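Summary of structural features
So you can see what is in the structure, the chains are spelled out below.
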Protein chains: 4
Amino acid sequence: MTHNVAILGASGYTGAELVRLIATHPSLQIVGLSGNSKAGMTMAEVFPHLRHLDLPRLTTIEDMSFDDVEIVFCGLPHATSQRVIAELPDHVRIVDMSADFRLRDPADYEKWYGKPHAAPELQKTAVYGLTEFYRDQIKTARLVAGTGCNAATGQYVLRPLIAAGVIDLDQIVLDLKAAVSGAGRALKENLLHAELSEGAHGYAVGGTHRHLGEFDQEFSLLAGRPVNIQFTPHLIPANRGILATTYVQGDPTVIYDTLTAAYAGEPFIKVLPMGEHPSIKHIRASNFCHIGVVADRVPGRAIVIAALDNLTKGSSGQALQNANLMLGLPETEGLMLAPVFP
Amino acid sequence: MTHNVAILGASGYTGAELVRLIATHPSLQIVGLSGNSKAGMTMAEVFPHLRHLDLPRLTTIEDMSFDDVEIVFCGLPHATSQRVIAELPDHVRIVDMSADFRLRDPADYEKWYGKPHAAPELQKTAVYGLTEFYRDQIKTARLVAGTGCNAATGQYVLRPLIAAGVIDLDQIVLDLKAAVSGAGRALKENLLHAELSEGAHGYAVGGTHRHLGEFDQEFSLLAGRPVNIQFTPHLIPANRGILATTYVQGDPTVIYDTLTAAYAGEPFIKVLPMGEHPSIKHIRASNFCHIGVVADRVPGRAIVIAALDNLTKGSSGQALQNANLMLGLPETEGLMLAPVFP
Amino acid sequence: MTHNVAILGASGYTGAELVRLIATHPSLQIVGLSGNSKAGMTMAEVFPHLRHLDLPRLTTIEDMSFDDVEIVFCGLPHATSQRVIAELPDHVRIVDMSADFRLRDPADYEKWYGKPHAAPELQKTAVYGLTEFYRDQIKTARLVAGTGCNAATGQYVLRPLIAAGVIDLDQIVLDLKAAVSGAGRALKENLLHAELSEGAHGYAVGGTHRHLGEFDQEFSLLAGRPVNIQFTPHLIPANRGILATTYVQGDPTVIYDTLTAAYAGEPFIKVLPMGEHPSIKHIRASNFCHIGVVADRVPGRAIVIAALDNLTKGSSGQALQNANLMLGLPETEGLMLAPVFP
Amino acid sequence: MTHNVAILGASGYTGAELVRLIATHPSLQIVGLSGNSKAGMTMAEVFPHLRHLDLPRLTTIEDMSFDDVEIVFCGLPHATSQRVIAELPDHVRIVDMSADFRLRDPADYEKWYGKPHAAPELQKTAVYGLTEFYRDQIKTARLVAGTGCNAATGQYVLRPLIAAGVIDLDQIVLDLKAAVSGAGRALKENLLHAELSEGAHGYAVGGTHRHLGEFDQEFSLLAGRPVNIQFTPHLIPANRGILATTYVQGDPTVIYDTLTAAYAGEPFIKVLPMGEHPSIKHIRASNFCHIGVVADRVPGRAIVIAALDNLTKGSSGQALQNANLMLGLPETEGLMLAPVFP
């Protein structure tokens, strides 16, 4: 059986990545694509790498019919997403990839995003989309809020450790290296090839990155007390991938055992043998997340490193995994593509 | 029905690429992997990006059983391939990815590869593996000789034009830009990141590249007279992709029409609208080849540019396409993966 | 003795490159820097890599005093340059790095740049800034028109060959690979790291690149008849450097001898031993141009490859070399910086 | 006055970088270059980017005359350096760039480098080459031991803070991102462009990197008690540059004031305005080190980030700075080259 889906904001990188994944998904059919600034264009004009596919032309959201659509993937900017999703017909279910429904408390949203939430009632119905930890709720949700890509990576390391109470909650340092596609297709000087290539630098240093809102919400919930990690992302000259180096204090063996137990049956989360650690090169363009644990020379401390592809497992792959759940399909359907190396 | 296959030389890039493609191929099962220098290791140790797959351990060729194997993919170095393939049991069919069986005339082999051919009888049975042009022979071949990746790219541009007699055979310049994975996993100074990144230079300049043997053989056969093109490859700081800029003399519209007609029904060869031209960014990690035709300002001259991924359409994807034909499977099975962008 | 200079358009890449070079030039002092959109900012804010230098704050051109300025370097966009330079006081001499004064015939300017020239009288006084070929005129010029970076590279290969009459003027193909900084600091999607990295494609294919105006003008003048080369530039994923592969028809040895004779005494133009060819990696961030000649396997044809850094020898280094001449300084002063490798 | 210098191990990256710097140094003359595996070759053959320079041919060390040499720069591998330096004539002074004389205690050397030190008497005479902190001793030293490039970067952040007692000595995390040239010209799979580009991963994770020997030695000496930091280096896809993100616990303002005071008069160490932080793009190919301090959102914690070029300030530039001191030359002579951007 084929399920009809539409993608809003299909002219951005997460939209393109979704189309790439759905192209070989056996049960989904793309029946609508929106991209307001590029309405009227074909996807081949916007993304020549999708030239071989038979896809609908880009339209405005207003011109799109949702009559036959079961799932809408929404890759719009934050603030816009709220407004658009609030007006979708009741029968469609939504996988949002924006930041708009990630934070349960509208006050948190306002704190991190600088303006009041425009659809607080809808927010109450949203399920946080970190699949492995919200699986049952996602299955029946109408609205799933895809996580931040950095937020997903950090949580794959820290959730099991915080839940199990095996690390010091006040001494968590997350040093993250992010490839540039996570910044989207924005026209900014620091994203130019001439400026980023051969460069590397921090950004949102000092605890100002918006994904901290997600970390705080989720970790505090798990711990039953406020948890405020230190989180410093860096931009590196690569296109895809997040490498999250996490410094935690606790027994390295216990930490390792906790993670292996937590992810024992997971199809996409792979804990490497103790002492090994991952590279973003080895998960590129795939839905896999690799996690490694290494004991530090300082006793009672460990380094836990996770790697995933921000566009796939960090965003569009996660969205598709959630859509599979919502539609009652096998969770891994269309997502077992092997990483591209070299 | 599942067909059992084995890969010889699985520890190189073409071997890894084949495993990546076969991982989501519905009808093939990998039952043997050889990698002499890494025999005894798991593929996850050699290629951590394949960690999620259930694959046989690497063995030596001597230790491999071919009893249940239908197709052997051979990614060994040239000269070695001849020797190994000559000793394979009769019931296996072979898709060779080395250079050993590409040249029909053993004298040509010796000229370009510097030593006599060791299996000239076997050579006589080999079919040249450029799928779109040798489809019928490939279906029934025991031994298919995969083309050079540069040789494939140039032929996709030039074969229809030479066959149709629409260009000057004595004024063909092929200026090719090749990503570095085409050089394999060889440990050479000029392939180090520190030396290649931010660099670009020609190689085998002056008509000394071995793929000229293939061009000469195929083009002369098509034309019924000797054709000796000028061919200069360049190394660019990218991992995957070949961009072949071809300067030809003839009527641009006729050239365009000839190419669109030649590839009208082809699933993987896409001729862009007249005046557009391709990027290697748009075919990466896929089996597609994009071709563009632009009229030069000098009347009677055209620039034809082709782009493909050297590891996929230029090598392992081609090999799988040929294997599909040999096994009576749909030619595109497992190969419709969309390009990875960005 | 110190000469005071000012740089207009100092917030672009050519402006920054000039500051870098002048920073260690013993005889020049920067007394003015303009950058209209960034007026009021320090150079350290616009270009943190220049943080260690004691430089004037950026101003608007209107607010700049030219009273003590001997030389003005002008890195403004074309069309703007004409207007600004026309209003500079008589006592300043100008090294323009824009396209505005490169074409002697205002009709050519209009043809290639799409609008009438606004300062045709001033145009008559401009000297074309390809130092090695216009040295004497540059020394006494008030206005020197810096060449296009691609135009410079192609001319270093072809001028001596055309002047000597040793190649077929109707069979010249110039296939050029250009790094991205040549496109400037423009905010365009195709210049983003995510889109350019791992990519390569042609641009202005078919003979539409504006630098053809320079080629046509200079080559026709040299030959005494119209010369229309084929010229196809490509964008490659690197920051600095142009590699120009030139296909010419003529005797390779004669070609080689002609080039070595032409550049025998030149401090910056290095002809490699016959059969060798250059890499952009080996001239990066320097004022050197490397040229190699290789005989093709097709008799009577040669491949001549030149490499230079578009920001240095192709633009700001050339400008400084010309300023040295204008000021009676040693031509190489401040310009002997060795290339940066790796 | 000109001082004669020789470079041992001139066929590696640090050797080439020294030649690049000395090429425009007004007081040094290179009279000898060794490179045992490439003895007999010209530097232009080994490093074509140095083609314009008039340099001695590479010899073996045995064939080199030290009669007229004042300073020997030694870029040999560790273990080899000890042996070679021990046999140099008494009149030469040595700036070693290897690891052999960095650790004062031979037991430490054996611990970190896995074999006994072969010249323990010579070790006693060596001065640790971190210029800004050992200036007076370097001036009169016969043997200066250049620091590790990672070790230099971390020390520029931490020495003043440890010396001033303003941070918690037991809670120091140094997360370092290193470009690939720091690994030298070694032929290893993970240094190939195809494997490093688009990748990022940790190495020597868990406190096993040899530069920890330097950190432990220096920090414990400064603190008067053992200090064992956590140090995790990562390899990123860039050629030059180290970005060191340091997580410290202490008052951010005090930390900032301590660093600005410590480096107030330093020509090469630039502390950015409070809240700003550096990029490796902004110090590339220069001898500058940029340091930024940002207060974390967690009270009492700060992130201090330093950036320098591993080949320049981290190795060959440092060596030249030390040689200037040893020869009584201005410390900055030949080293004020501005960073190359973009």
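Residues numbered from 1 in each chain as written. Chains lettered and ligands numbered in written order. Predicted model: local features only at pLDDT ≥ 70, side-chain atom pairs only at ≥ 80, totals over all residues. Heavy atoms only, no water.

All names here are of chain B. Judged by pairing direction, the sheet is parallel, and its seven strands sit side by side in the order 3-2-1-4-5-7-6 without closing on themselves. Of all strands in the sheet, those with a lone pairing partner are strand 3 (58-59) and strand 6 (127-128), marking the two edges. Pairing analysis gives two bridges linking strand 6 to strand 7 (residues 143-145), with the strands arranged parallel. Paired with Y128 across the two strands is A145, which belongs to strand 7. Along the sheet, helix 1 (residues 13-22) makes contact with strand 1 (3-8), strand 2 (28-34) and strand 4 (71-74), crossing strand 1 at roughly 160 degrees. (Pairing = 2+ DSSP bridges. Helix = DSSP H or I, 4+ residues; strand = E, 2+ residues; numbered from the N terminus. Contact = heavy atoms within 4.5 Å. Axes fitted to C-alpha atoms, helices over the stretch in contact; angles between N-to-C directions.)

What follows concerns the relation of the copies chain A and chain D. Once chain A has been moved 0.0 Å along the axis and rotated by 180 degrees, it coincides with chain D to within an RMSD of 0.0 Å. In the structure described here, the two chain copies are related by an operation that fits a two-fold rotation axis. Across chain A, the rotation axis passes nearest the C-alpha of P237 of chain A, at a separation of 3.2 Å. A high fraction, 100%, of the interface residues of chain A reappear at the interface in chain D, so the copies pair face to face through one surface. (Least-squares fit on C-alpha atoms with pLDDT ≥ 70 in both.)

Tallying the contact residues gives 51 residues for chain A and 51 residues for chain D. Between chain A and chain D, a total of about 4,100 Å² is buried, with carbon and sulfur atoms accounting for 50% of that surface. If you sort the residues of chain A by the area they bury against chain D, E198, Q230 and R297 of chain A come out on top, with a joint share of 20%. Along the contact surface separating chain A from chain D lie six salt bridges. In this structure, the salt-bridge partner of K177 of chain A is D175 of chain D, at a minimum N-O distance of 2.9 Å. Across the chain A-chain D interface, the total number found is 32 residue pairs in polar contact (both at pLDDT 80 or more). (Buried area = accessible area lost by both parts, 1.4 Å probe. Salt bridge = Lys/Arg side-chain N within 4 Å of Asp/Glu carboxyl O. Polar contact = N/O pair within 3.5 Å; in protein donor to acceptor, adjacent residues only side chain to side chain.)

Moving on to the pattern of salt bridges. All names here are of chain A. Enumeration over the complete set of coordinates arrives at 80 salt bridges over all chains. The closest approach of N and O atoms between R240 and E17, which form a salt bridge, is 2.6 Å. Residue R240 is located in the loop between strand 10 (230-235) and strand 11 (242-249), and its partner E17 is located in helix 1 (residues 13-22); the two are separated by 223 residues in the primary sequence. Ionic contacts of the salt-bridge type, sharing partners, join the residues E17, R20, R240 and D309 into one network.

Laying chain B over chain C is done by rotating through 180 degrees and shifting 0.0 Å along the axis; what remains is an RMSD of 0.0 Å. Of all interface residues in chain B, 100% are interface residues in chain C too; the two copies therefore contact each other through one and the same surface.

Attention now moves to the domain arrangement of chain A. Residue and element names in this part refer to chain A. Assigned domains of chain A: these are domain 1 (3-125) and domain 2 (150-309). With centres defined by C-alpha atoms, the gap from domain 1 to domain 2 works out at 27 Å. Roughly 1,300 Å² of surface becomes buried between domain 1 and domain 2 when both sides are summed, with 45% attributable to carbon and sulfur atoms. It is Y13, R104 and W112 in domain 1 that bury the most area against domain 2; as a group they hold 46% of the surface buried on that side. Measuring nitrogen to oxygen at the nearest pair gives 2.8 Å for the salt bridge that ties R104 to E218. Between domain 1 and domain 2 we count seven residue pairs in polar contact (both at pLDDT 80 or more) in total. Sorting the residues of the side of domain 1 that touches domain 2 by element identifies helix 1 and helix 4 (106-113) as the ones contributing at least two each. The element contributing the most residues to the side of domain 1 that touches domain 2 is helix 1, with three residues. (Domains from an automatic or database assignment.)

Residue and element names in this part refer to chain A. For the pair helix 7 (residues 149-164) and helix 9 (residues 211-223), the least separation of the axes is 10 Å and the interaxial angle reads 15 degrees. Relative to helix 9, helix 7 is oriented roughly parallel. Here helix 7 and helix 9 pass one another in a crossing that is right-handed. Between helix 7, through C149, N150, A151, G154, Q155, L158, R159, I162 and A163, and helix 9, the contact on the second element is made entirely by H211, E214, F215, E218, F219, L222 and A223. (Parallel < 35°, antiparallel > 145°, perpendicular 65-115°, else oblique. Left-handed = near helix turned anticlockwise from the far one by under 90°.)

Further remarks concern the side chain of E198 of chain B. Along the polypeptide, E198 of chain B turns up in the loop between helix 8 (193-196) and strand 9 (201-202). At a separation of 2.9 Å, a polar atom in the side chain of E198 of chain B contacts the main-chain amide nitrogen of N239 of chain C. If near-sequence neighbours (up to four positions away) are discounted, E198 of chain B is found in contact with S197 and E198 of chain A, P237 of chain B together with A238, N239, R240, I280, K281 and R284 of chain C.

All names here are of chain A. Mapped onto the elements of the fold, G184 is located in the loop between strand 8 (173-178) and helix 8 (193-196). Residue G184 is classed as partly exposed on the basis of its relative accessible area of 24%. Spatially, the C-alpha atoms of G184 and A145 are 18 Å apart, while their sequence positions differ by 39 residues. (Buried < 20%, exposed > 50% of the residue type's maximum accessible area, 1.4 Å probe, protein only.)

Right, let's get into empty space enclosed by the protein. Counted under the stated rule, the structure contains nine cavities of 30 Å³ or more. As a volume, the largest cavity reaches approximately 180 Å³. Counted by class, the lining of the largest cavity contains four nonpolar, eight polar and four charged residues. Along the walls of the second largest cavity sit 16 residues, with Q171 and V173 of chain B together with Q171, V173 and Q249 of chain C positioned nearest its centre. Among the secondary structure elements, those contributing two or more residues to the lining of the second largest cavity are strand 11 (242-249) of chain B together with strand 11 (242-249) and strand 14 (301-308) of chain C. Of the residues that constitute the lining of the second largest cavity, the class distribution is eight nonpolar, six polar and two charged. (1 Å grid on protein atoms, 1.4 Å probe; cavity = no way out; pocket = protein on both sides within 12 Å on 5 of 7 lines; lining within 4 Å. Points joined across faces, edges and corners; volume = space filled by probe spheres on them. Nonpolar A, V, L, I, M, F, W, Y, C, P; charged D, E, K, R; others polar.)

Moving on: the side chain of R240 of chain A. Residues and elements named next belong to chain A. The exposure class assigned to R240 is buried, which follows from its relative accessible area of 2%. A polar side-chain atom of R240 sits 3.0 Å from a polar atom in the side chain of D309. Side-chain polar atoms of R240 contact the side chain of T312, separated by 3.4 Å.

Here we come to unusual backbone geometry. Across the junction of F341 of chain B and P342 of chain B, the peptide omega takes the value -5 degrees, indicating a cis bond. In this structure, P342 of chain B sits in the segment after helix 11 (312-326). Positive phi is not limited to glycine here, since A79 of chain D has a value of about 80 degrees. One non-glycine residue with positive phi stands out, namely A204 of chain D, at about 50 degrees. Tracing the chain through its elements places A204 of chain D in the loop between strand 9 (201-202) and helix 9 (211-223).

A few words on the packing of helix 6 (residues 131-140) of chain D against helix 11 (residues 312-326) of chain D. Residue and element names in this part refer to chain D. Where helix 6 contacts helix 11, the axes come no closer than 9 Å and their chain directions differ by 35 degrees. The two elements helix 6 and helix 11 meet at a crossing, and its hand is right-handed. Residues T131, E132, R135, I138 and K139 of helix 6 touch helix 11, and the partners they reach there are K313, Q318, Q321, N322, L325 and M326. Class assignment for the residues of the contact of helix 6 with helix 11 results in three nonpolar, four polar and four charged.

What follows deals with the interface of chain B and chain C. The interface is formed by 51 residues belonging to chain B together with 51 residues belonging to chain C. If you sort the residues of chain B by the area they bury against chain C, E198, Q230 and R297 of chain B come out on top, with a joint share of 20%. Applying the counting rule to chain B against chain C returns six salt bridges. Applying the counting rule to chain B against chain C returns 33 residue pairs in polar contact (both at pLDDT 80 or more). When the residues that make up the side of chain B that touches chain C are grouped by side-chain class, the tally is 23 nonpolar, 16 polar and twelve charged.

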